[in-house]
Structure formats: C-alpha cells, structure tokens
Amino acid sequence: MNHRWFRTVLLSSIATGALIFAITGTRAQGGSQTSAEVRTAEQAFRNIQVLKGIPADQIIPSMQFMSNSLGVECAFCHDETAFEKDGNEAKATARTMIRMQMAINKDHFDGHPQITCYSCHRGAHEPVGVPIITDEERKHTEAKTGTALPTADQILDKYIQASGGAEALKKITSRSSKGAINFGERKVPLEVFAKAPGQRVSIVHTPNGDSITAYDGHSGWLGSPGGNPPRDMSAAEAEAAQFDADFYLPLDLKKMFDQLRVRAADKIGDHEVILVIGMKQGRPPLRLFFDQQSGLLVRSVRYAETPLGRNPTQLDYADYREQNGIKLPFRWTLARPLGRFTIQIDQMQQNVPIDDSKFAKPAAQSKVDPQK
C-alpha cells in the first residue's frame, strides 16, 4: 500500500460509516480490550509521562487533536519505528505545553479544556501571537433584522416531511447500498447495510482486505485489514456510530437531546441554511444545518471529547434521491482538519432481508498449531 495514502486515510478516518485502519506497534501489550476493561494510558502504552490516568482509548484521539491543531503528522514528534522513544525536541516541547495548558485550565476554567493547542497554533506548528493582516479588505455584512427564526420543532417537522413523511419512513425497515469511498483520485469499493431501528455496518474492500465499521444496535466494533482481530469501539466512537445507525433519524432527532437551539447560519455552497444545535447533559453539542427551502439536512458537525480539546467531524449530505417514497442522500463527504473523503452510493435496495448476524462482532478465533 502507498505509505502516503495510508497516512492520509489514517488521519482522516472516523469510526462510523467510513474507513478505519488500526494503529499498530504503539501498544505496550497485545490483544484487544474488552468493554469491561478500563485500562489507563500508562497501562496500555509505553513511556506515558503527562497524560497519566486518562482512559487508554483517549490517547489516539488526543494525538489526533494535536495533529489537527498544529497541522503536523506523527513523525513531527515521534520516531515512527518506536513511538515511545524519546530524543525528539518537539516531543519534549509538546509535553511542556500540555502541562502548561492543563495548569491554565485547572486554575482558571475548573479543569475544563477551554485553552487548547489550537488556541495559539491555529493549524500551524508555530503559535500565532500577532494579529494577521489579511490580503483582502474585510467585508462587513449587515445583520438581518426583523426576521423571526422558525422553532426547532418547525424545522425538524419540515425535515420529516421533506424526507417523505413519517408514514413513508416507517414503511422501510432495511437498506442495502453499494458504492465507493473516494480519497482524492483513489476509489475503493464500499458496501453499507442498515436495519431498523439502529443497526449498521459499512464494509470497505481495500487491497489489503476488508475494513469494517459496525454498530449492532447496542455497541460498536471495528475490523481492520491484515488479519487483526476486531476491536470494540471507544465510548466516543460508539456514540457517533449510534447516531449514524439511527434508521429513522428524521423521526428521532427530537428525542435525542435535552435542549434544541436555533441559530441563523451562513450559506453552505448554494444552500441557504439554518442551524439547529442539539444539547445533552455531559456531551458535546451536535450542530445540524438544514436547507431553508427543501428542509433537508445538509450538514452535521459533531465533536469528540479528548483530554486536550474537542476533535471536530463534519459530514455533508448531498445527491438526495427519492427511493421507495422517501428521500435519502446518496453522497456523504466527511471532513476533518487534516483530511476529507467522499462516499458515493451507486446502488440502493430497501426492504431487503438482512440477518442480524451481519452486524455481529465475529468471535475471536484461537490459533491452531498445525503440528497437532
């Protein structure tokens, strides 16, 4: 596999509806971690000095957050042949900066990560301390006044109707799709199977084997190419997977949140949109952008909490087509600070039989000694 492409996929991958590659070679011990085990970072990884005590599954998201904030890749701080190895000045500086960040947040923000790497770096490895002079004259936009915003209930009701209506949506109970996931000029075949009320599996057929992202209705798991055993999703990954697996999303949005807020928003492409922010105690907000004319969902932005800050994931929904009386997006573009990819569906069938075993995590297979 092309090493540069692999790195791009790794940095832009998500845990739901897209490609996942396992990060190997950095763990202190082999084997997969069950949901019953809650190991700390220093128990699962070698040479943890600053992020001690956090859950082990937060290490990789924390590393991704630093990559996003500084616009760098793993090799900026790490020896890629031995991630735990010291000697890189940038790695020592990163540890100092993390300690500083945590101290500021502890003393001034009750320990919440309000000050992050991105606060100063803004996507560059050198922090920004001087206001930037723009190349163009700043455009001043007049605030719209006198225009009352619709309520969240009105927006979500319009979304239900634009999708085909509650009755038509409930008539569909399963969905099988085929298409491709596009990374720039590279295209890889993909299949997606979904079943009501909340089961979903995507299978990406890579040159090295299948990459699988699955949610069985209760928990999620990931399968990577190369014969590695499947692993359970982290809590943040499972929460995102559950949202993507919601078969009746237009009908269920009102039930998901403690509070819904409506805000005016800028255009997304050619779409005049309006923003609904879903709030739930103890979780990051979810931002949903709806086309003001059609009422369809155009974009969602969600966040994964890490000890250093929030990692954003943006999903754009396009190419809506009517299928069996309901409208569905046939194209999804996923974007993160360091990469993006697009999933394009070419074929879709609904109300097809799909056995529950399709979504189940395979049982771990023990190696058999061929001499016995």
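Note that the coordinates shown come from a computational prediction; the quantities given were computed from them, not determined experimentally.

Our focus in this paragraph is the pairing of strand 1 (residues 174–183). Within strand 1, nine of the 10 residues are buried, leaving the element largely enclosed by the surrounding structure. One ladder, built from 10 bridges, connects strand 1 with strand 2 (residues 186–195); its direction is antiparallel. In the sheet register, Asn182 faces strand 2, and the bridge partner there is Lys187. Taking the residues between adjacent antiparallel strands as the criterion, strand 1 and strand 2 are bridged by two residues, where Gly184 takes a positive phi near 65°. Pairing analysis gives eight bridges linking strand 1 to strand 13 (residues 339–350), with the strands arranged antiparallel. Paired with Ser176 across the bridge in strand 13 is Gln349.

Think of an α-helix as turning once every 3.6 residues; residues three or four places apart then point the same way. Under the 1.5 Å per step criterion, the end-to-end length of helix 4 (residues 89–108) is 29 Å for 20 residues, consistent within 8% with the ideal 28 Å. Buried residues of helix 4: Lys91, Ala94, Arg95, Ile98, Gln101 and Asn105, and no others. Along the long axis of helix 4, the arc covered by the buried residues comes to 125°, so they all point the same way. In helix 4, the exposed positions angled more than 90 degrees off the buried face are occupied by Glu89, Asp107 and His108.

Bringing the side chain of Thr342 into the picture now. As for its position among the elements, Thr342 is in strand 13. Separated by 3.1 Å, the side chains of Thr342 and Thr333 make a polar contact. Beyond its immediate stretch of four places on either side in the chain, Thr342 contacts Ala180, Ile181, Asn182, Arg331, Trp332 and Thr333.

Ile181, Phe243, Leu253 and Phe290 are the most contacted members of the largest nonpolar core, which has 42 residues in total. When near neighbours in sequence (up to four residues on either side) are disregarded, Phe243 contacts Leu249, Leu253, Met256, Leu286, Leu288, Arg302 and Tyr317. Grouped together as the second largest cluster of nonpolar side chains are 16 residues, Ala41, Ala56, Leu70 and Val72 included.

A few words on helix 9 (residues 249–256). Within helix 9, six of the eight residues are buried, which leaves it mostly tucked inside the rest of the structure. All buried positions along helix 9 are accounted for by Leu249, Pro250, Leu251, Asp252, Leu253 and Met256. Buried residues belonging to helix 9 abut helix 6 (152–162), helix 7 (166–170), helix 8 (235–245), strand 9 (286–291) and strand 10 (297–306).

What counts, and at which threshold
- Residues numbered from 1 in each chain as written.
- Predicted model: local features only at pLDDT ≥ 70, side-chain atom pairs only at ≥ 80, totals over all residues.
- Heavy atoms only, no water.
- Buried < 20%, exposed > 50% of the residue type's maximum accessible area, 1.4 Å probe, protein only.
- Helix = DSSP H or I, 4+ residues; strand = E, 2+ residues; numbered from the N terminus.
- Pairing = 2+ DSSP bridges.
- Expected span 1.5 Å × (residues − 1).
- Arc of directions from axis to C-beta.
- Polar contact = N/O pair within 3.5 Å; in protein donor to acceptor, adjacent residues only side chain to side chain.
- Contact = heavy atoms within 4.5 Å.
- Core = buried A, V, L, I, M, F, W, Y, C linked by side-chain atoms within 4.5 Å.

In short, geometric facts, not functional conclusions.
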